Amino acid sequence: MKDSNFLKENNGRYMWHPMTSPQDSHDNTPKIITGSSGVSVSDIDGHSVVDAVGGLWNVNLGYSCQPVKDAIANQLDTLPYYSTFRGTSNDAAIELSYELAQFFEPDGLSRAFFTSGGSDSVETALRLARQYHKLRGEAGRTKFLSLKKGYHGTHMGGASVNGNANFRTAYEPLLPGCFHIPAPYTYRNPFNETDPERLAQLCVQALEDEIAFQGAGTIAAMIMEPILGAGGVIPPHKSFAPMVQEICNRNGILLITDEVITAYGRTGAWSGARLWGIKPDMMATAKAITNGFFPFGAVMMGERMVETFESNPNARIGHGYTYSGHPVGAAAALACLAETKRLNVVENAAARGTQLFDGCKALMEKYDIIGDVRGGHGLMTAIEMVSDRATQKPIDAMSASKVYEGAYAAGALVRVSGPNLILSPPLVLTEADANTILTALDAGFASL
C-alpha cells in the first residue's frame, strides 16, 4: 500500500474508470475508498460515511457480513476453481442451483444458468430467448422490446435494449431489431400524464401498438425492470406489470424481468416479480446474490423455458462463461442467500425504505431544487433535482456536484446520475443510519 499522495496522483494516470471520461478521472480525484464496516465506508483521508449507495445496489447485507467472507475463504481452500462446461461440474454450483430453485419457486422459476454478473445475465437471457423460438420452429422471432429509461447493462445486447442514450450513442450501430416503449414515468412522459394508473394504461397501449406494427411473430422477448433503477427509480403503477405479462403471453412473446437490482429483497419483496404478482419466463439476477463480495450472477428459468430446452437433444446451449458456476462465487451465494433469509431483510427494507422516502418528501417541501421524489417500494429512492420546478429544467452538473459533496462532508455517500440523486443503501440499514443519510442530504441541499 502506497501513501495517499501516490494513490491520488496515479488514480487517473493508469486506470480508466467506468461511466466517466479518462480526462474527468485525471482532473477530479474520486473518493478513494480504503475501508469499510457495517453500512459505512471510509476514504483515504480517514473520513467515514454511511454508504447510501450500497456499493452499487449490491451490498445488501453490509460490509461486515462474516458468513459470506468465511464461505469464500473456505471454498478457496477446498476448490478455488473448476469449470461447469460440458463434462465437469462442482458441488457448490449444484447445491446453489437447488437452493435458488426453492427461493424462486413462488416466481415460477426452477432452473439456473450461472454468469459472472448482471450484464452477463441480461446477455444470456436475450440469447436464450432467441434460441427458445428457434427450437419451437419460429426462427423469425428475433426482435426485442424494452422500456425507455430502462437499464440493462453494457454488453452489446444489453446496450441495445437499454433505454438511455448515454449507454448507446457512442457505440452505435447496436443490435438491430430492438424497440423501446415509453416508461411509466409520471414526472416526464410523452403523454403529459401525471396519474400513475392512467399512464400505465397509455404505456401498455403503446406496447400493443408496437407489437401490432412489428408483427408479434417477429418478437422474441420483452425485457424490463420491475422498478426502473439506474434510470432514476421509476416505480410503475401496480397494474402495469400484470398488463405487460398478459400482452406478452397472448402474443407468444417471452417476458424477461431484469432483476439485477430488485431480486433478493431490495424492493421490500423477495423479487420484483413477486412485488407485482407476475411470473416471468426468465429473470436476470446478480449484484446482491453474493453481497457484492464476488462477481456472480444467475438467470432463472420458468416453465416455458424448461419445457422447450429439456428432453430435447437439439437444445444445445452454445453459450456460457469461463466463470459460469464458479465454485467460490457459488459458495458466496449460498452463504449470502442463507443470511438474507435468516435476517428476513425484506421487512427492514420496507421499513427503512418508507423512512427514507418520507424523509426525502419532507426535504422536497424545504428545497425548491427538488422537483420529484420517487420510491415507496423498499430501499430504492430517487430525488430528481431541477433548476426550475415550473419548467422541470434539470439541474446543472456543477450544482448537482455541490449537493453530492455537501452530503459527503456531512456523513453520507450518495450517487448522482444526471439530475437524479439515487439512494440504494444496504438492507441492514438502521433507523439511525437512515437519519444520518437524511441529515446529510439536508446539508447537501443547504450548501447551494
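Peer 1: Please give an account of the pattern of salt bridges that cites residues and values.
Peer 2: Inspection of the entire model under this criterion finds 16 salt bridges. For R141, the salt bridge is made with E138, and the minimal N-O distance between the two is 3.1 Å. Residue R141 is classed as buried on the basis of its relative accessible area, which comes to 6%. By relative accessible area, E138 is classed as partly exposed at 30%. A salt bridge links D372 to R374; the nearest nitrogen and oxygen atoms lie 2.7 Å apart. We note that D372, like R374, is buried. Residues joined in a network through salt bridges with shared partners are R188, D372, R374 and E384.

Peer 1: An account of the state of the cysteines is requested, with residue identities and associated values reported.
Peer 2: Such a bond, covalent and formed between the sulfur atoms of two cysteines, is termed a disulfide. Applying the stated criterion across every chain, the model contains zero disulfides. In this structure C65 is a free cysteine whose sulfur lies 6.2 Å from that of C336, the closest cysteine sulfur available. Note on C203: no disulfide assigned, nearest cysteine sulfur contributed by C248 at a separation of 14 Å.

Peer 1: I'd like a description of the packing of helix α8 (residues 196-214) against helix α9 (residues 240-250), backed by residues and values.
Peer 2: At their nearest, the axes of α8 and α9 sit 10 Å apart, and the two run at 15° to each other. In terms of their interaxial angle, α8 and α9 are classed as roughly parallel. In the packing of α8 onto α9, the handedness of the crossing is right-handed. Here α8 contributes A200, Q201, C203, V204, L207, E208 and I211 to the contact with α9, which in turn contributes F240, M243, V244, I247 and R250. Each residue belonging to the contact of α8 with α9 can be placed in one class, and the counts come to nine nonpolar, one polar and two charged.

Peer 1: Lay out the packing of aromatic side chains in plain terms, naming residues and giving numbers.
Peer 2: All chains considered together, the criterion is met by ten aromatic pairs. With centroids separated by 5.5 Å and ring planes inclined at 70°, the aromatic side chains of F103 and W270 adopt a geometry described as edge-to-face. Pair noted here: F103 is in helix α5 (residues 91-103) and W270 is in the loop between β8 (254-258) and α10 (272-276), with a separation of 167 residues, a long-range link. With respect to class, F103 is no different from W270; both count as buried. Aromatic pair Y367 and F445: ring centres 5.6 Å apart, planes at 35°, arrangement tilted. Placement of Y367 in the loop between α13 (345-366) and β11 (370-374) and of F445 in helix α15 (residues 431-446) is noted, with a sequence separation of 78 residues between them.

Peer 1: Pulling in residues and values, what's your account of the environment of I234?
Peer 2: The topology assignment puts I234 in the loop between β7 (219-224) and α9. Under the relative-accessibility criterion, I234 is labelled buried at 1%.

Peer 1: Outline the pairing of strand β3 (residues 48-51), supporting the account with residue identities and numerical values.
Peer 2: With three bridges connecting them, strand β2 (residues 40-43) and β3 associate as antiparallel partners. Note that in β3 the partner of S40 across the bridge is V50. In sequence, β2 turns back onto β3 through a hairpin of four residues, with G46 there showing a positive phi of about 85°.

Peer 1: So what about empty space enclosed by the protein? Which residues, and what values?
Peer 2: Enumeration according to the criterion identifies one cavity of 30 Å³ or more in this entry. One number sums up the size of the largest cavity: a volume of about 30 Å³. Residue lining of the largest cavity: L147, P184, M224, E225, P226, L228, P236, F240, A241 and W276, and that is the complete set.

Peer 1: Talk me through the sheet that holds strand β9 (residues 282-285); I want residue IDs and the actual numbers.
Peer 2: Ordered by their spatial adjacency, seven strands build an open sheet running β4-β10-β9-β8-β7-β5-β6, and the pairing between neighbours is mixed. Each edge of the open sheet is held by one strand with a lone partner, namely β4 (109-115) and β6 (178-181). Averaged over all pairs of adjacent strands, the angle between their axes in this sheet comes to 20°, without regard to strand direction. Bridge count for strand β5 (residues 143-147) against β7 is three bridges, and the pairing is parallel. Bridged to F144 within β7 is A221.

Peer 1: Tell me what's going on with the sheet that holds β3, and back it up with residues and numbers.
Peer 2: Strand order in the open sheet formed by four strands is β1-β2-β3-β14, with mixed pairing between adjacent strands. Among the strands making up the open sheet, the edge pair consists of β1 (33-37) and β14 (412-413). Sheet analysis places β1 next to β2, joined by four bridges and oriented antiparallel. By the bridge assignment for β2, S37 is matched with S40.

Peer 1: Kindly report on helix α12 (residues 327-343), identifying the contributing residues and their values.
Peer 2: Relative to the 24 Å expected for 17 residues at 1.5 Å per residue, α12 spans 24 Å between its end C-alpha atoms, a close match to the ideal helical length. The element α12 is extensively covered by neighbouring structure, given that 13 of its 17 residues are classed as buried. Backbone geometry just downstream of α12 places N344 in the positive-phi region, at approximately 50°.

Peer 1: Run through the environment of V328, naming residues and quoting values.
Peer 2: If you trace the backbone, V328 turns up in helix α12. With relative accessibility at 2%, the residue V328 sits in the buried group. For V328, the contacting residues outside a window of four places in its chain are I72, Q75, L76, L79, P80 and F294.

Peer 1: How would you summarise the pairing of β9 if you had to cite specific residues and measurements?
Peer 2: Of the two faces of β9, the one lined by M282 and A284 and the one lined by M283 and T285 are each fully buried. Relative to β9, β8 runs parallel, the two sharing three bridges. Considered in β9, the bridge of I256 is made with M282.

Peer 1: Quick one: what's the story with unusual backbone geometry, residue by residue and with numbers?
Peer 2: A cis geometry characterises the amide bond from E172 onward to P173, with omega recorded as 5°. In this structure, P173 sits in the loop between α7 (156-161) and β6. The residue V233 is not glycine, and still its phi comes out positive at about 50°. A relative accessible area of 1% places V233 in the buried class.

Parameters at a glance
Residues numbered from 1 in each chain as written. Predicted model: local features only at pLDDT ≥ 70, side-chain atom pairs only at ≥ 80, totals over all residues. Heavy atoms only, no water. Salt bridge = Lys/Arg side-chain N within 4 Å of Asp/Glu carboxyl O. Buried < 20%, exposed > 50% of the residue type's maximum accessible area, 1.4 Å probe, protein only. Disulfide = S-S within 2.5 Å. Axes fitted to C-alpha atoms, helices over the stretch in contact; angles between N-to-C directions. Helix = DSSP H or I, 4+ residues; strand = E, 2+ residues; numbered from the N terminus. Parallel < 35°, antiparallel > 145°, perpendicular 65-115°, else oblique. Left-handed = near helix turned anticlockwise from the far one by under 90°. Contact = heavy atoms within 4.5 Å. Nonpolar A, V, L, I, M, F, W, Y, C, P; charged D, E, K, R; others polar. Phe/Tyr/Trp six-rings, centres within 6.5 Å; stacked < 30°, edge-to-face > 60°. Pairing = 2+ DSSP bridges. 1 Å grid on protein atoms, 1.4 Å probe; cavity = no way out; pocket = protein on both sides within 12 Å on 5 of 7 lines; lining within 4 Å. Points joined across faces, edges and corners; volume = space filled by probe spheres on them. Expected span 1.5 Å × (residues − 1).

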